[in-house]
Amino acid sequence: MTDKLEVELTHSEEKPQENFQIRIHRFFGRYPPIVIIAALWLLFMIFVAVFATLISPYDFTSIDLRTRLQAPVWMEGGDWNHLFGTDDLGRDVLSRLIFSIRMSLLIAFLGTVIGAILGTALGFLAAHFRGWVDDVVMAGIDFQASLPFFIISLTLLAFFGNNLVLFIGLMGIYGWERYARITRGLTLSAITHGYAIAVNTLGATPIRVYLRHILPNISSALIVNMTLNFPGTVILESSLSFLGIGVQPPLTSLGNMLGFGRDYLTTAWWITVFPGVAIFLATLSMSILGDWVRDRLDPTLM
């Protein structure tokens with residue numbers, strides 16, 4: 001009797017530990033560590049962007065030529081007043097990096113959302129009207145897919161000049177053709193399904209059918225495309241700003257910082273390395289999350 005009681009107590013002590021191990025195993029099976037790290041980094045960057053004004057040690061436009069090209073704190077000549085050093089005009093690199101993250105993420109987010117809305121709307125129009133409307137939309141898709149968007153961007157900026165609103169609109173045009181192609185294909189398939197036919201039979205308007213019934217059923221594919229389109233938008237903005245035709249002073253962005261620091265790579269590497277690392281980690285983290293979201297939402301991969 002005593003031995004049986006001891007065995008039951010032993011099992012009762014081991015069971016919570018086993019359950020905890022099972023929960024940990026299931027958690028990391030569902031959320032791999034690399035995905036958790038990527039998500040935490042993106043959340044950190046979003047936090048920095050939202051509270052940039054509060055956490056920035058200096059005004060990112062403040063110039064002090066007496067401290068120009070000062071090294072980071074851990075290098076010779078650095079001090080705690082400028083943790084990441086200063087640039088060629090004596091501006092605090094950390095402060096500029098914080099506000100550059102805000103600007104780059106804002107432009108990439110708005111560009112991705114605008115592109116998703118524009119492409120989805122055109123995809124619905126092409127699937128609904130067919131005929132010449134479909135031909136025009138598909139011709140636009142083929143035209144943009146056939147040319148590097150970087151060349152299109154340079155052409156538009158050369159003709160229309162540059163300001164922040166136009167630049168964000170340009171980022172919104174990037175990638176719209178993928179949303180339109182996905183929406184058109186999935187909508188043509190969805191309108192033949194029973195639920196869409198039933199709703200049409202009940203007298204629902206086309207807008208209600210598309211927005212209330214078809215859009216939720218194709219949203220997973222659109223969300224996956226947004227997560228994969230976001231890194232490309234960040235890189236496009238950084239490339240244009242690096243060339244001096246993107247975000248213009250006194251505003252700053254990650255690409256803008258790279259462009260200003262390229263002449264000091266051998267003497268003041270910190271001006272370009274820190275924004276370059278931020279671009280790399282932001283795009284890498286979003287790509288990892290995009291792949292994970294695709295694996296979770298795509299039924300063919302489950």
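All values reported here derive from a predicted model rather than from experimental measurement.

K.L.:
Can you help me understand the overall build of the protein chain in this one?
P.N.:
When you go through the protein chain residue by residue, the secondary structure sums to 12 helices and 0 strands. The linear arrangement of helices and strands in the protein chain, starting from the amino end, is α-α-α-α-α-α-α-α-α-α-α-α. Here the protein chain holds 302 residues, and 39% of them are scored as buried. Intrachain contacts of the protein chain at a sequence separation of at least 6 include 70% that bridge at least 24 residues. Counting every atom, the protein chain has about 17100 Å² of accessible surface; 69% of that belongs to carbon and sulfur.

K.L.:
Which parts of the structure should I look at to understand the environment of H213?
P.N.:
For H213, the position within the fold is in helix α10 (residues 206-242). With 23 residues separating them along the chain, H213 and A190 place their C-alpha atoms 9.5 Å apart.

K.L.:
Can you walk me through a nonpolar patch on the surface in this structure?
P.N.:
Together, L40, L43, I46, F47, V50, F51, L54 and I55 make up an exposed nonpolar region whose accessible area comes to about 800 Å². At the level of secondary structure, the elements contributing two or more residues to the nonpolar patch comprise α2 (33-50) and α3 (52-55). Here the nonpolar patch takes 5 residues from α2, the largest share from any one element. If you trace the backbone, L43 turns up in helix α2.

K.L.:
Can you walk me through the nonpolar core in this structure?
P.N.:
Side chains that are nonpolar tend, in soluble globular proteins, to be buried together. Counting residues in each nonpolar core, the largest one holds 33 residues, and the members touching the most others are L97, I101, L105, F230, L254 and W270. Breaking this core down by element, the ones donating at least two residues are α2, α4 (93-129), α10, α11 (254-261) and α12 (270-297). With 9 residues, the top contributor of residues to this core is α12. In terms of nonpolar packing, the next biggest core, distinct from the first, is built from 13 residues, M103, I107, I152 and L236 among them.

K.L.:
Can you walk me through the confidence of the model for the protein chain in this structure?
P.N.:
Low-confidence regions, as indicated by low pLDDT, have predicted coordinates that should not be scrutinised in detail. Looking at the protein chain, the pLDDT average stands at 83 and 85% of residues meet or exceed 70. At the level of individual helices and strands, the protein chain shows its lowest average pLDDT in helix α1 (residues 2-30), which scores 54, and its highest in α2, which scores 93.

Reading the values: rules and limits
Residues numbered from 1 in each chain as written. Predicted model: local features only at pLDDT ≥ 70, side-chain atom pairs only at ≥ 80, totals over all residues. Heavy atoms only, no water. Helix = DSSP H or I, 4+ residues; strand = E, 2+ residues; numbered from the N terminus. Buried < 20%, exposed > 50% of the residue type's maximum accessible area, 1.4 Å probe, protein only. Contact = heavy atoms within 4.5 Å. Areas by Shrake-Rupley, 256 points an atom, 1.4 Å probe, with all protein chains shown as cover. Patch = residues over 30% accessible without salt bridge, like charges linked within 9 Å, V, L, I, M, F, W, Y side chains within 5 Å. Salt bridge = Lys/Arg side-chain N within 4 Å of Asp/Glu carboxyl O. Core = buried A, V, L, I, M, F, W, Y, C linked by side-chain atoms within 4.5 Å. pLDDT = per-residue confidence, 0-100.

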